[in-house]
Amino acid sequence: MGNAGQEGAVTRLDVVVVGAGFGGMVAIYKFREMGLKIQGFEAGSDVGGVWYWNRYPGARVDLPSIDYSFGFSREVEQEWTWSEEFAAQPELLRYINFVADRLSLRPHIQFNTRVESAVWDEARQLWVVRTNQGQVFEATYCVMATGPLSVPTDPDIPGLKSFKGELLRAARWPHEPVQFAGKRVGIIGTGSTGIQIVQDIGPKSGELYVFQRTPSFSMPMRNRQLTPDFVAEVKRHYPALREAARNSPNGGLRPASTRAFFSVSKAQRESLLEDAWKQGGLAMLGTFSDLLFNAEANEQVAEFVRSKIDDVVKDPATAEKLKPRGYPIFARRPCLDSSYYETYNLPTVHLVDCLNEEKILEITETGVRTSQRHIELDMLILATGYDGLTGALLAFEVRGRDGHTVNEKWKHGAYSHLGLMMHGFPNLFMTTGPNGPAALANIIRISEHDVEWIGKLITHMAEHGHRTVEPSQKAEDDWMQLVQDLAKRTLVSQAKTWYVGANVKDKPLGLTLFTGGFPKYREYCALAAQDGYKPYLLA
Ligand code: NA7
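Draft legend 1. Focus on the side chain of Thr 146. With respect to the element layout, Thr 146 can be found in the loop between strand S6 (136–144) and strand S7 (166–169). Judged by its relative accessible area of 18%, Thr 146 falls in the buried class. Non-local contacts of Thr 146, meaning those with residues more than four positions away in its chain, are made with Val 18, Ala 392 and Leu 393.

Draft legend 2. Region of interest: the site of the ligand. The immediate surroundings of the ligand are formed by 18 residues, with Thr 190, Thr 193, Arg 213, Thr 214 and Trp 498 found nearest. Between the ligand and the protein, one listed contact pairs an oxygen atom with a side-chain N or O atom of Thr 214 at 2.5 Å. Between Arg 332 and the ligand, the recorded distance is 3.0 Å, taken from a side-chain N or O atom to an oxygen atom. Within the complex, 84% of the 770 Å² of free accessible area of the ligand lies under protein. Class assignment for the residues of the shell around the ligand results in 7 nonpolar, 8 polar and 3 charged.

Draft legend 3. Highlighting the sheet that holds strand S13 (residues 360–363). Strand order in the open sheet formed by 3 strands is S13-S14-S15, and the pairing between neighbours is antiparallel. Both outer strands of the open sheet, S13 and strand S15 (374–376), are each paired with one neighbouring strand and no more. Put simply, the sheet's adjacent strands are angled 20° from each other on average, direction ignored. Where strand S14 (residues 367–370) lies against S15, 3 bridges are found, and the strand directions are antiparallel. Opposite Val 368, over in S15, you have Ile 375 as the bridge partner.

Draft legend 4. Examining the sheet that holds strand S12 (residues 349–353) more closely. Taken together, the 5 strands give an open sheet; going across it, the order is S7-S16-S8-S9-S12, and neighbouring strands pair in parallel fashion. Looking at the sheet topology across the chains shown, the edges are occupied by S7 and S12. Mean inter-strand twist for the sheet, computed between neighbouring axes without regard to direction, equals 20°. Here S7 pairs with strand S16 (residues 379–382) via 4 bridges, running parallel. Pairing of Glu 166 across the sheet is with Met 379, part of S16.

Draft legend 5. Examining the pattern of salt bridges more closely. Overall, the coordinates contain 38 salt bridges when judged by the stated rule. Notably, a salt bridge pairs Arg 246 with Glu 243, separated by 3.1 Å at the nearest N-O pair. Linking Arg 246 with Glu 243, this pair stays in helix H6 (residues 228–246), spanning 3 residues, or about one helical turn. Of the charged contacts in the structure, one is a salt bridge between Glu 448 and Arg 445, with a shortest N-O distance of 3.1 Å. A residue pair is termed a helical-turn pair when its members lie 3 or 4 positions apart in one helix, as Glu 448 and Arg 445 do in helix H13 (residues 443–464) at 3 residues. Here the two residues Glu 448 and Arg 445 agree in accessibility, since each one is buried. Here the salt bridges do not stand alone but share partners, grouping Asp 310, Glu 320, Lys 323 and Arg 325 into one network.

Draft legend 6. Looking closely at unusual backbone geometry. For Ser 104, which is not a glycine, the phi torsion comes out positive at approximately 50°. Even without glycine at this site, Leu 389 takes up a positive phi of about 65°. Looking at the secondary structure, you find Leu 389 in the loop between S16 and helix H11 (391–394).

Calculation rules
- Residues numbered from 1 in each chain as written.
- Predicted model: local features only at pLDDT ≥ 70, side-chain atom pairs only at ≥ 80, totals over all residues.
- Heavy atoms only, no water.
- Helix = DSSP H or I, 4+ residues; strand = E, 2+ residues; numbered from the N terminus.
- Buried < 20%, exposed > 50% of the residue type's maximum accessible area, 1.4 Å probe, protein only.
- Contact = heavy atoms within 4.5 Å.
- Near = heavy atom within 4 Å.
- Polar contact = N/O pair within 3.5 Å; in protein donor to acceptor, adjacent residues only side chain to side chain.
- Areas by Shrake-Rupley, 256 points an atom, 1.4 Å probe, with all protein chains shown as cover.
- Nonpolar A, V, L, I, M, F, W, Y, C, P; charged D, E, K, R; others polar.
- Pairing = 2+ DSSP bridges.
- Axes fitted to C-alpha atoms, helices over the stretch in contact; angles between N-to-C directions.
- Salt bridge = Lys/Arg side-chain N within 4 Å of Asp/Glu carboxyl O.

So this is what it looks like as structure tokens:
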């Protein structure tokens, strides 16, 4: 880097890319292909984003690896071979490192660097970006590939800082091996992360106390090794598979049904659900078309999953506590497990129901005090989730036209056009941003789509001599109206989750996701680009 970006030696760029997770990598590759002068920044010491930070035991992707991988490079697709249907975090990290090396992306990324501010300079029509290394960069465009799940949240429980044992955060897991044997371990949080940790460390810990507030629905992952024949077949058909994924509502290869739940007999419904259960993964979600719209259908599927908990968990009282009630199945991200419920059959694993039975009162120097008792712990693990979708952009100063910040703009909830741009923030783009399909479709397909769309807009501007672009207020209002109207129709709004901002104190509530499906989203984005980008103010 030499003295690039040092105060007094401002570096002029075409594009700054913030974040070197999967989204940032696509952006850096694409903009370099376009011949733009780019600089990426990454807070971690290496590539990988969420897969760099989340090294917790049992971390694993919940989409098939062949689907959860880049489609923009034929070389990468052919040269990389996935070993398992659902890759574990170490393999995902090896993959993204392979991509960074194979496509020579690393030289464009400055690691161990946080962007502290991005401020629009109206007079000079560029973004001034400052880093925690004291550097200053100026760029025509700023691309925030900051990820929907990159700002972990600590639980709002008194005394957290006083704990004298080992305190570990799932989303900031140490790089050194962690020992559980003989220890009294506590874990707070039973979302996808907590469930993966519990099933992994349950058998390894001396005692494990699982502090559960809201139980999640978990279904069998049924992970398997991929055979050479299968991999060869996939490699032969990658382009068609990617195209199929792009045209699926979930942006992936999981089949989506057009069959309504009550359109078939009870016996057929049960048989279809049993098949999906046996198949594993998120198959259950694709069994019927109306599971996120028809509350009665949804409840019957929820009851089916609850009955499976009874089949596995030997102690009826524990089984009962593990059963999620009071919110629709699939309104929270469904979890996939290999032995989560089985773990509770171990005599050393204890479920602490802190919703109905014993509220957590405080964390002490030596453990957790509930309304019933004090539980002594050597180690406490936090798997308490993220300030999703908006947290990363609100965590540093992003100042657009007239000095207005994103914090001000999003005071009452995230507001954007297509999840890609914001009125008042010219030449600033987001990948997988709020009000796009982020958590509801394959995030890599969305990232690739978003970057492609941004690239086309930048090319259009160069061809037509424009220096700035932003969506009009009306375009943004119309988009938000559509997002909100669609949100009213889906059951996804009806659970307290990071999707609706319910997990962060004082965060405005509301589903800031486009729920119309990935192909519809792509259509809207394509429409916005038609006829010279009509919804945009170009100057
Ligand atoms: P989630 O799904 O947001 O889960 C966080 C969990 O932490 C959830 O069970 C919370 O219970 C629990 N939590 C948070 N604060 C507390 C306090 N104060 N006391 C007790 N329990 C608490 O995050 P994950 O990391 O598991 O998963 C995030 C995404 O990663 C997931 O959606 C997939 O897309 C992959 P609550 O529900 O608030 O009652």
